[in-house]
Amino acid sequence: GVSAKISGHAMYISFIIAGFIALFCAYSYAKLGSTYPSAGGPVEFLVKEYGDGVLSGGFNVLLWVGYVFALSLYARAFGGYAMTFLPSTVSGFWLNILITMIILVFTGINFIGAKAVGKTELYIVATKVVILLIFIIAGFFFIDSSKLALSNLPHVSNIFYGAGIVFLAYEGFGLITNAAEDMQNPKKTLPKALYLAVIITMFIYILVSLTVLGNLPIADIVNAKDYALAAAAEPFLGKIGFTFIAIAALFSTSSAINATLYGGANVSYLVAKHGELPRIFERKIWGQSTEGLFITSL
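Residues numbered from 1 in each chain as written. Predicted model: local features only at pLDDT ≥ 70, side-chain atom pairs only at ≥ 80, totals over all residues. Heavy atoms only, no water.

Visitor: When you look at the environment of alanine 26 in this model, what are you seeing that I'm missing?
Guide: Among the secondary structure elements, alanine 26 is positioned in helix 2 (residues 11–35). Of the residues examined, alanine 26 reaches a relative accessible area of 0% and is grouped as buried. The sequence separation of alanine 26 and serine 14 amounts to 12 residues, and the corresponding C-alpha distance is 18 Å. If we skip the residues at most four places from it in the chain, alanine 26 touches Phe173, Leu194, Tyr195 and Val198. (Helix = DSSP H or I, 4+ residues; strand = E, 2+ residues; numbered from the N terminus. Buried < 20%, exposed > 50% of the residue type's maximum accessible area, 1.4 Å probe, protein only. Contact = heavy atoms within 4.5 Å.)

Visitor: Please clarify how the confidence of the model for the protein chain should be interpreted in this entry.
Guide: Atomic detail in the predicted coordinates should be set aside for any region of low pLDDT. Per-residue confidence for the protein chain gives a mean pLDDT of 84, with 94% of residues at or over 70. Predicted confidence for residues 288–298 stays below pLDDT 50, and this span has 37 contacts to residues more than four positions away or in other chains. (pLDDT = per-residue confidence, 0-100.)

Visitor: Is there a simple way to explain helix 7 (residues 156–166) in this structure?
Guide: Given 3.6 residues per turn, any residue in an α-helix points the same way as the ones three and four places further on. Of all the residues in helix 7, the buried ones are Ile159, Gly162, Ala163 and Val166. Buried residues along helix 7 cover an arc of 105 degrees about the axis, so they all sit on one side. Of the exposed residues in helix 7, the ones pointing more than 90 degrees away from its buried face are Phe160, Tyr161 and Gly164. Against the buried residues of helix 7 lie helix 1 (2–7) and helix 2. (Arc of directions from axis to C-beta.)

Visitor: Please explain the packing of aromatic side chains as it appears in this structure.
Guide: To describe a pair of aromatic rings, you give the distance between the ring centres and the angle between the ring planes. Inspection of the entire model under this criterion finds 8 aromatic pairs. Each ring, one from phenylalanine 15 and one from tyrosine 205, has its centre 5.0 Å from the other, and the planes form 25 degrees; the classification is stacked. One end of the pair, phenylalanine 15, is in helix 2; the other, tyrosine 205, is in helix 8 (residues 186–215), and 190 residues separate them in sequence. With relative accessibility at 9%, the residue phenylalanine 15 sits in the buried group. Using a relative accessible area of 25% as the deciding quantity, one classes tyrosine 205 as partly exposed. Judged by centre distance (5.2 Å) and plane angle (80 degrees), the rings of tyrosine 170 and tyrosine 205 are edge-to-face. Placement of the pair is tyrosine 170 in the loop between helix 7 and helix 8 and tyrosine 205 in helix 8, with a sequence separation of 35 residues. A relative accessible area of 4% means that tyrosine 170 is categorised as buried. Within the aromatic cluster, the residues linked to one another by ring pairs are Phe15, Tyr170 and Tyr205. Positioned above the aromatic ring of phenylalanine 242 is the side chain of lysine 239, whose terminal nitrogen or guanidinium carbon lies 4.7 Å from the ring centre. (Phe/Tyr/Trp six-rings, centres within 6.5 Å; stacked < 30°, edge-to-face > 60°. Lys NZ or Arg CZ within 6 Å of the ring centre and 35° of its normal.)

Visitor: Just checking my understanding: could you explain the nonpolar core for this structure?
Guide: General note: in soluble globular proteins, nonpolar side chains tend to be found buried as a group. Of all hydrophobic cores here, the largest spans 71 residues; its most connected members are Phe135, Ile221 and Ile257. At the level of elements, helix 2, helix 4 (54–82), helix 5 (93–112), helix 6 (114–140), helix 7, helix 8, helix 9 (218–223) and helix 10 (228–273) are the ones that each hand at least two residues to this core. Broken down by element, this core gets its largest block of residues, 16 residues, from helix 10. Here isoleucine 221 is in contact with Gly1, Ala4, Val212, Leu213, Leu216 and Ala228, once residues within four sequence places are set aside. Ranked by size, the runner-up nonpolar core spans 8 residues in total, among them Tyr67, Leu270, Ala272 and Leu277. (Core = buried A, V, L, I, M, F, W, Y, C linked by side-chain atoms within 4.5 Å.)

In structure tokens form, the structure reads like this:
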């Protein structure tokens, strides 16, 4: 929805540009992650290159804060779709309840351990991908080609601005490096995981954006920006399609929250371990599990 407002009918081009940028980033992550496999990912890379000082500490704290903002974005998206299942008369207070609830649920799963996070992520991602593929296949039969005409493309600056915005939708691939320590053969597994994650995701985003653009006018996509995918499914799948895609969106944002919490926990631990946080945040409040996930900073 946000992307459509900025890049309009060129939304899919913005996703392509952002996807290629993500691939270049994935190359760097793959090389560094294979060389320095750890639970901290980028935290470890920066410390190895710049030492344990102000520069690496500043970037690492910025990364940690970035995870917090990303979590708020994913949780807000979850709440927006969850609200579509409630009566329209329900107050916005329930949006905050839903946002808080989903964060707490996946915090609990992360406390159980890395295996619980991995299994949960596998089931959630498999479910949402299947639903999105059904959406894409069904939607392609109803695409209005006139809505995708090249004459409708906006100014090139909008396309690149849109690419900058949707790059956030690719951002999660970096979290794979946080799992390197738990991989049996990170030198082989990590690069494959990174490249496949970006390439598969890019194709899904492009096909989804084409389906949305071909079935809804831009104004309608923008008006339904909090639940644009579900709104795009309604013209060709009816009310059932709206509900179907809203459920997929709940799964999608849930998986993002789950993965970001996992990566954020490892990052916060390593940042605290390197003494890059105020002392009060470095006090251990949880014992180390056999999986190595829960030496957690306050």
